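# Observations on the model geometry
Residue strings, one per chain:
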Amino acid sequence: MALSGLDIYKLLPKTNCRECGFPTCLAFAMQLAKKAVPLDKCPYLSKEAKLVLEESSLAPIRLVVIGKDKKIELGNETVLFRHEDKFYHPAAIGFIIDDNSSDKEIDVKISKINRLKFERVGQALEANLAAIRQTSDKKRFLDVVKKVSAATQLELVLISSDLQAQKEALGLIGARKPLLHPQSAQNIADFAKLALEYKTSLVVASPSLEEISNLTKDLKKQGLEDLVLDTASKSLAKKIWDLTQIRRLALKKKDRSFGYPTLVIVGEKDPYLQVVEAADYIAKYASIVLLEGAEPWQALSLLTLRQNIYSDPQKPLQIEPKLYPIGQADEKSPVLVTTNFSLSYYTVLGEVEASKTPSYIMSVNTEGMSVLTAWAAEKFTPEKIASSLEEFGVKDKVGHKRIIIPGYVAVMSGDLEEKSGWQVVVGPKEASGIPSFLKNLK
Amino acid sequence: MAIELAKEKWSGVINQVKIGAAKAISVGQEQALPFLHEEGGAPHKPVVAYEVWDTVPADWPEALISAYGNVLKDPVAWVKKCVTEFGAQLVAIKLISAHPDMGNKSVEEIAALVEKIKKAAGVPLIISGCGDNAKDNLILPACAEALKGENCLIGSVTQDNYKTITAACLADGHSIIAESPIDINIAKQLNILISDMGMPAERIVINPTVGALGYGLEYAYSIMERARLAALSGDKMLSMPFICFVGQETWRTKEARATEEELAGWGPALERGIVWEALTSAAFLQAGADILVMRHPKAIDIVKKNIEELMRG
Ligand code: SF4
């Protein structure tokens, strides 16, 4: 919990000796409260004060980093609802490979998983993890670990309760810093030693929140804090309850023993239902979601949901305001005007592409506001559009002087024609009307 | 030591809204955030309504057309198929053909049609206008009268156009859908305006105008979360159940419509469309949706199973 400057001041020596570089202890306290200076600048702090201050400066949910190359950051969330601030570290989405599948099936699945990369609204969407789950003997598990790790750059999760198998797997791929998932709390102390030895993270798995709390406290004493929590397989509503409790206990009750990222393994087998189950977990606080289905339509829908839930509610996604040529646009191509709110732009883009009419889209700087909002806020005005036409040199790109504006701002037509000297055509209100509009445009 | 769970004690509860007469369905009455059963009861399951048009949908993609086939030409047969073949417990009729540009059917024709549909359906009905305010103000009161006693859910009304339709619903015993443009203040304001006309709060449902997965879903999602939190904290003028028109939003998107050739590497169109609609609904269930209006029977099945799981506790 954040301490105020005054709270901190009470813990300082109050001698104003200036060694910290500040004129008074109070000034130093104020900077500490803003986290603008490190604690150790003051050499005279008492042990007790130090402990209190260190605790209070810790994030209520620890940031845990998975893997070596991609370094997936998880946790460190600050709110229960995205409108209160935002969700910071997008849930990692991973796909499970069972070691009892045939070599051929495994090859097919890895190449599928490796191809799960999409681009939507200007952002790259990617799968994050490949999880190898042991259901056969140790030898087979290790073979599959070798096979999968060689075939993918994704970060890895090793799911196995077999301590010896995990140990030997780490011997092979420990440098990749895979997340260890021992599936239960059995032998947790030994697994913790392994995680410490290989400087990697460990899943604390137990159906009981109470046991999880006790385990994380013990492990912290052992020096292992890179932990991820899994409350094991339960009904969907119970899982949502657990995930909600973990987030609330960490944030509202300041219970550090729950201040870690969470992991869920989707239990559903049906190809559609497992995606829906995974979606529920993404919406409700899970930091890692692992599922079996790795078809592009399954991954794309989940990655898109994650993109939505983890977008910043305070800051609409924007694109660079400029003139975008679409397809083989030339001097005869129509010019469509929209805002630089990325959703507006990409919706228009999708429809222009679907129409197969080479065009220009001019995205006007509306500070990321959508057409109607920007119009109401006077960010999407005839003056603004006229000056954008100038700024982007549109008259040098096309041989005509005609622009198409969104149907919702039809009222500005006359004014815009006057201010810009361009002929204004009113387009459809909804982007979905663009293809037929462009077809009928002469 | 047993840990002390972080349970919320809410002072408010969502209103119960009843739709239909004989086989009436109730929604609402949640006492906690979605599916947190240990914190408060939720006596009614969220429900799914099948969307049915009174005219052949010109721009529906193949995935939808093949799911319904011939009945798309005949709204009565279409409704029957939903009820008898797909087991629909709730049907949402969209009266497109009344629109001046889409057929401009007369008030009498529309009223006669909804009567026929009512007889064929035998399940509760949601009635949506054609989207043209002037025309909706004529046809919806006529529908309200024709369906008197059926306790339908009729709408949507907006801040700029609510009086005529609210008065009609009030007179003929129907409930009303209050639509606001992803804005919690307008949602509340409209509920107040409708209440001021004498409409009981238990006969209002909020339509927060949702966007599809990938197309602004998160805006309505957060508005719904905020409204639900306010309602549970005691705000009576936001304590209405939510209706989300998911089908019409999802099936406009590129992801639900484009063929595999157009979107190389994104998977077959049918699965993509179905999952797009199902996942959009799943997300809104997590934000508190009570009624989902959907199109694809397979997507509806998936969402119903998801609801069963979530309600099982
Ligand atoms: S070094 Fe410590 S004691 Fe000295 S002024 Fe700074 S805060 Fe105060």
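Cut-offs used in this document
Residues numbered from 1 in each chain as written. Chains lettered and ligands numbered in written order. Predicted model: local features only at pLDDT ≥ 70, side-chain atom pairs only at ≥ 80, totals over all residues. Heavy atoms only, no water. Helix = DSSP H or I, 4+ residues; strand = E, 2+ residues; numbered from the N terminus. Areas by Shrake-Rupley, 256 points an atom, 1.4 Å probe, with all protein chains shown as cover. Lys, Arg positive; Asp, Glu negative; His and termini not counted. Charge placed at Lys NZ, Arg CZ, Asp CG, Glu CD. Buried < 20%, exposed > 50% of the residue type's maximum accessible area, 1.4 Å probe, protein only. Domains from an automatic or database assignment. Contact = heavy atoms within 4.5 Å. Buried area = accessible area lost by both parts, 1.4 Å probe. Salt bridge = Lys/Arg side-chain N within 4 Å of Asp/Glu carboxyl O. Nonpolar A, V, L, I, M, F, W, Y, C, P; charged D, E, K, R; others polar. Pairing = 2+ DSSP bridges. Axes fitted to C-alpha atoms, helices over the stretch in contact; angles between N-to-C directions. Parallel < 35°, antiparallel > 145°, perpendicular 65-115°, else oblique. Left-handed = near helix turned anticlockwise from the far one by under 90°. Near = heavy atom within 4 Å. Arc of directions from axis to C-beta.

Here we take up the overall build of chain A. Each helix and strand in chain A was counted, giving 17 helices and 17 strands. Referenced to the eigenvectors of the C-alpha coordinate spread, the extents of chain A come out at roughly 75 × 70 × 35 Å. Surface exposure of chain A reaches about 19100 Å², of which carbon and sulfur atoms provide 51%. Averaging the positions of the 60 positive and the 55 negative side-chain charges in chain A gives two centres separated by 2 Å.

Take the overall build of chain B next. Each helix and strand counted, chain B has eleven helices and ten strands in total. Dimensions of chain B along its principal axes, counting C-alpha atoms only, are 65 × 55 × 35 Å. Counting every position in chain B, which comprises 313 residues, the buried fraction comes to 60%. Counting 30 positive and 39 negative side-chain charges, chain B places the averaged centre of each group 5 Å from the other.

Right, let's talk about the domain arrangement of chain A for a bit. Along its sequence, chain A is carved into domain 1 (5-56), domain 2 (64-309) and domain 3 (323-439). Here the C-alpha centroids of domain 2 of chain A and domain 3 of chain A sit 44 Å apart.

With that out of the way, let us pick up the side chain of Thr338(A). All names here are of chain A. Here Thr 338 is to be found in strand 14 (residues 335-339). Under the relative-accessibility criterion, Thr 338 is labelled buried at 3%. Those residues in contact with Thr 338 that sit more than four places away from it in its chain are Ser 344, Tyr 345, Val 348, Ile 361, Met 362, Ser 363, Val 364, Val 371 and Phe 380.

In this section: the interface of chain B and chain A. Opposite the 51 residues of chain B that make contact, chain A presents 47 residues. Here chain B meets chain A over a buried area of about 4600 Å², counting both sides, of which 65% is carbon and sulfur. Between Arg248(A) and Glu39(B) there is a salt bridge; the shortest N-O distance is 2.6 Å. For the side of chain B that touches chain A, the elements supplying multiple residues, two or more each, are helix 7 (217-232), helix 10 (269-287) and helix 11 (297-312) of chain B. Residue contributions to the side of chain B that touches chain A peak at ten residues, all from helix 10 of chain B. Of the residues in the side of chain B that touches chain A, the class split is 25 nonpolar, nine polar and 17 charged.

Applying the stated criterion across every chain, the model contains 32 salt bridges over all chains. Across the pair Lys239(A) and Asp230(A) runs a salt bridge, and its minimum N-O distance is 3.4 Å. Across the pair Glu51(B) and Arg295(B) runs a salt bridge whose closest N-O atoms are separated by 2.9 Å. Within this pair, whereas Glu51(B) is found in strand 3 (residues 47-53), its partner Arg295(B) is found in the loop between strand 10 (289-294) and helix 11, the two being separated by 244 residues in sequence. Bridged by salt links that share partners, the residues Asp98(A), Arg133(A), Lys269(A) and Glu292(A) form one connected network.

Let us now look at the sheet that holds strand 16 (residues 402-405) of chain A. Residue and element names in this part refer to chain A. The five strands lie next to each other as 13-15-14-16-17, forming an open sheet whose pairing is mixed. What marks the edges here is a single partner per strand, and that holds for strand 13 (323-326) and strand 17 (423-426). Geometrically, the sheet is characterised by an average inter-axis angle of 30 degrees between neighbouring strands, direction not taken into account. Two elements, strand 13 and strand 15 (residues 359-364), share four bridges in a ladder whose sense is antiparallel. Residue Pro 325 lies in a different strand from strand 15, and its bridge partner there is Tyr 360. Here helix 16 (residues 413-420) sits on the sheet in contact with strand 16 and strand 17, set at roughly 155 degrees to strand 17.

Attention now goes to the packing of helix 14 (residues 382-391) of chain A against helix 16 of chain A. Residue and element names in this part refer to chain A. Direction vectors running N to C along helix 14 and helix 16 enclose 40 degrees, while the axes themselves pass 9 Å from each other. Here helix 16 runs oblique to helix 14, going by the angle between their axes. You can see that helix 14 and helix 16 cross each other, and the crossing is right-handed. On helix 16, the residues touching Pro 382, Glu 383, Ile 385, Ala 386 and Leu 389 of helix 14 are Asp 415, Leu 416, Lys 419 and Ser 420. The class makeup of the residues in the contact of helix 14 with helix 16 is five nonpolar, one polar and three charged.

Let us now look at the site of the ligand. Every residue lining the ligand is accounted for by Pro13(A), Thr15(A), Asn16(A), Cys17(A), Arg18(A), Glu19(A), Cys20(A), Cys25(A), Phe28(A), Cys42(A) and Pro43(A). Of the residues contributing to the shell around the ligand, the split by class is seven nonpolar, two polar and two charged.

Attention now moves to helix 5 (residues 163-172) of chain B. All names here are of chain B. By the burial criterion, the buried members of helix 5 are Ile 165, Thr 166, Ala 168, Cys 169 and Asp 172. The buried residues of helix 5 occupy an angular sector of 160 degrees when projected down its axis, which confines them to one face. Seen from the open side of helix 5, the exposed residues pointing more than 90 degrees away from its buried face are Lys 163 and Ala 171. Of the residues one or two after helix 5, Gly 173 is the one with positive phi, at around 75 degrees.

Residue and element names in this part refer to chain A. Residues Val 64 and Ile 66 of strand 1 (residues 63-66) are buried on one face, while the alternating residues Leu 63 and Val 65, pointing to the opposite face, are not. Both strand 1 and strand 2 (residues 72-75) contribute to a ladder of four bridges, which runs antiparallel. Looking at strand 2, one finds that Val 64 is bridged to Leu 74. The antiparallel pairing of strand 1 with strand 2 creates a hairpin that spans five residues between the two strands, and Gly 67 there sits at a positive phi of about 85 degrees.

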